[in-house]
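Spelled out, the chains give:
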Amino acid sequence: QVQLVESGGGLVQAGGSLLVSCAASGSIFSPNVMGWYRQAAGKQRELVARITNGGTTTYADSVRGRFTISRDNAKNMVYLQMNSLKPEDTAVYLCNFRRAGGTWAGTEYWGKGTLVTVSS
């Protein structure tokens, strides 16, 4: 099992910045992928960004150039630095951990999410 706890959400004005963090604990084995998804009210959950334990990153087109994902493998942390925020970035941001190898490859774990609200 892997437990994920997000922090750092809040209210920010359009154009502002926010850093959200996710602390992972439990059976954390490599290879793995950690990522951020978001779900706005009435919309489907979507990928924001993800990063492998080797540092390879993937971004959604809507956030590329504005958001940066990073991780600290020693601390089992993943971060999402969000700059130039827009009202359409308003959503619950959820941390995700996915096993990428071994018997349990593909198994996913989710945090409960942290709310990010961007005011216009």
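Before reading further, recall that the structure is shown in the block above.
No experiment lies behind these values; they were computed from the predicted model shown. For every chain, the first residue of the written sequence is number 1, and numbering continues from 1 along that sequence. Since the coordinates come from a predicted model, pLDDT governs what is reported: local features require at least 70, and pairs of side-chain atoms require 80 or more to be given and counted, while whole-chain, interface and lining totals use all residues. Excluded from the side-chain calculations are hydrogens and water; all other atoms, namely the structure's heavy atoms, are used.

Novice: Got a minute to help me understand the state of the cysteines in this structure?
Specialist: Working definition of a disulfide: a covalent bond connecting the sulfur atoms of two cysteines. Disulfide: a pair of cysteine sulfur atoms within 2.5 Å of each other. This structure, assessed with the given rule, holds 1 disulfide. The side chain of Cys22 participates in a disulfide bridge whose partner is Cys95; the two sulfur atoms lie 2.1 Å from each other. Classification of the bridge connecting Cys22 and Cys95 rests on its S-S torsion, roughly -85°, and on that basis the disulfide is left-handed. Here Cys95 lies in strand 9 (residues 91-99) and Cys22 lies in strand 3 (residues 18-26), a separation of 73 residues in the sequence. Only DSSP runs of H or I covering at least 4 residues are called helices, and only runs of E covering at least 2 are called strands; the numbering of each starts at the N terminus.

Novice: Got a minute to help me understand the sheet that holds strand 7 (residues 67-72) in this structure?
Specialist: Across a sheet, strands are paired by hydrogen bonds formed along the backbone, either parallel or antiparallel in direction. DSSP calls a pair of strands paired once it identifies at least 2 bridges connecting them. The antiparallel open sheet is built from 4 strands, whose spatial order is 1-3-8-7. Edge strands, defined here as strands with exactly one partner in the open sheet, are strand 1 (2-7) and strand 7. In this sheet, adjacent strand axes meet at a mean angle of 15° when their direction is disregarded. By the bridge criterion, 6 bridges tie strand 7 to strand 8 (residues 77-82) in an arrangement that is antiparallel. Within strand 8, the position partnered with Phe67 by the bridge is Met82. Think of each axis as a best-fit line through the C-alpha atoms, taken over the contacting stretch in the case of a helix, with angles from 0 to 180 degrees between the N-to-C directions.

Novice: Where do I start with unusual backbone geometry in this structure?
Specialist: Leaving glycine out, the prevailing phi sign among residues is negative, and the prevailing peptide bond configuration is trans. At the junction of Ser30 and Pro31, the peptide bond is cis and its omega measures out at 0° in the coordinates. With respect to the secondary-structure elements, Pro31 resides in the loop between strand 3 and strand 4 (32-39). Positive phi, close to 55°, is recorded for Asn76, a residue that is not glycine. Counting through the fold element by element, Asn76 comes out in the loop between strand 7 and strand 8. Non-glycine residue Ser84 carries a positive phi angle of around 50°.

Novice: What is the right way to read the pattern of salt bridges from this model?
Specialist: Side-chain pairing between opposite charges can occur once the charged atoms of the two side chains come close. What makes a salt bridge here is a side-chain nitrogen of Lys or Arg within 4 Å of a carboxyl oxygen of Asp or Glu, nothing more. For the coordinates displayed, the defined rule picks out 4 salt bridges. In this structure, Arg38 and Glu46 form a salt bridge, with 2.7 Å as the shortest nitrogen-oxygen distance. Residue classification places Arg38 among the buried residues on the basis of a relative accessible area of 7%. Only protein chains enter the accessibility calculation, which uses a 1.4 Å probe; a residue is then buried when its area is under 20% of its type maximum, exposed when over 50%, and partly exposed in between. With relative accessibility at 37%, the residue Glu46 sits in the partly exposed group. One salt bridge in this structure joins Asp61 and Arg64, with 2.6 Å as the shortest N-O distance. Classification of Asp61 by relative accessible area gives exposed; the value is 64%. Note on Arg64: relative accessible area 47%, which makes it partly exposed. Taken together, the shared-partner salt bridges in this structure form one network comprising Arg38, Glu46, Arg66 and Asp89.

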